[in-house]
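Architecture and fold: a report
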Amino acid sequence: MKGKNIEPLWWGLFSAGGVIAAFLVPVHIILFGFAVPLGWISDTGALYRNWLVKLYLFVLIALPLYHWAHRFYFSLNDMRLGLPQRPLAILCYGAAVLGTILTAWVLLRI
Amino acid sequence: MNRPEKSKLYYPKMPAAWWLRKRSYFLFMIRELSSVFIALFLVVYLTQLYQLSGGSETYVAFARRLASPGWIIFHIAALLFAIYHSITWFQSTAVVMPIKVGEREVPRNVVTAVNVVVWIVLSLIIWLLFVALRG
């Protein structure tokens, strides 16, 4: 397959990640950035042994990474910093793919 | 990911700080930057989940450390960026995917408002589920 043929795939992942980030991320920031650390709600982490929860977390964490990759790549391009396009794209989208593998690995371990 | 060859594109000469010139350009960059904070939060969250491989105590201790002022400031910033992403995302959804009832198109701000309501209800459900099911 030629490189340009997979552009819709990246765009689809960007879009799906944007939806997940918009609907689900803010409440998780409130829960795990404030409620749990500040002791409003206690959490031992037992919930994460459930497979449905793991699947949910995989979607929650992995998809917005592609959203980041897409936006970060294009805004760096738009900023006209003179960075080479192809290595930058490989770096951004590669980081998202790596993040996906890492997320799966962590969720399988716990 | 792939744009036409650089030589085939028209590139107007622009200073690197073009996005600081106008409020709307600046807000555009803030919107794009929101994805960085969302990704950073998710990396921290994944790191927290990873602590569970060392047992529940390690996980709880990690969560406690996030109560330090530095982390609270980070999470306040992340939350503000995330909310900005949500609102701008709903606004653009209303433009990109207009909804028709019969012949008439539903006004964009109504579509945005419906999305916001769904967002709040979903957030409450997740909050309540977490409180009910957590260990």
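What you see is a predicted model; the values in this text were computed from it and never measured.

1. Thoughts on the overall build of chain A
Looking only at helices and strands, one finds three helices and zero strands in chain A. Reported as C-alpha extents along the three principal axes, the dimensions of chain A are approximately 45 × 30 × 20 Å. Expressed as a percentage of its 110 residues, the buried residues of chain A come to 37%. Counting contacts in chain A only where the partners sit at least 6 residues apart, residues at least 24 apart contribute 78% of the total.

2. What to know about the overall build of chain B
Per the secondary structure count, chain B includes four helices and two strands. Its helices and strands in sequence order give chain B the pattern α-α-α-β-β-α, from N to C terminus. Taking the principal axes of the C-alpha coordinates as reference, chain B spans close to 55 × 45 × 30 Å. Burial statistics for chain B: of 135 residues in total, 21% are counted as buried. For chain B, restricting intrachain contacts to residue pairs at least 6 apart in sequence, the fraction spanning at least 24 positions comes to 47%.

3. Description of the environment of Val43(B)
Residue and element names in this part refer to chain B. With respect to the secondary-structure elements, valine 43 resides in helix 1 (residues 23-50). C-beta crowding within 10 Å serves as the criterion here: with 16 such atoms nearby, valine 43 is assigned to the partly exposed category. Separated by 33 residues in sequence, valine 43 and tyrosine 10 have C-alpha atoms that sit 38 Å apart.

Rules used throughout
Residues numbered from 1 in each chain as written. Chains lettered and ligands numbered in written order. Predicted model: local features only at pLDDT ≥ 70, side-chain atom pairs only at ≥ 80, totals over all residues. Helix = DSSP H or I, 4+ residues; strand = E, 2+ residues; numbered from the N terminus. Buried ≥ 20, exposed ≤ 12 C-beta atoms within 10 Å, placed from the backbone. Contact = placed C-beta atoms within 7 Å.

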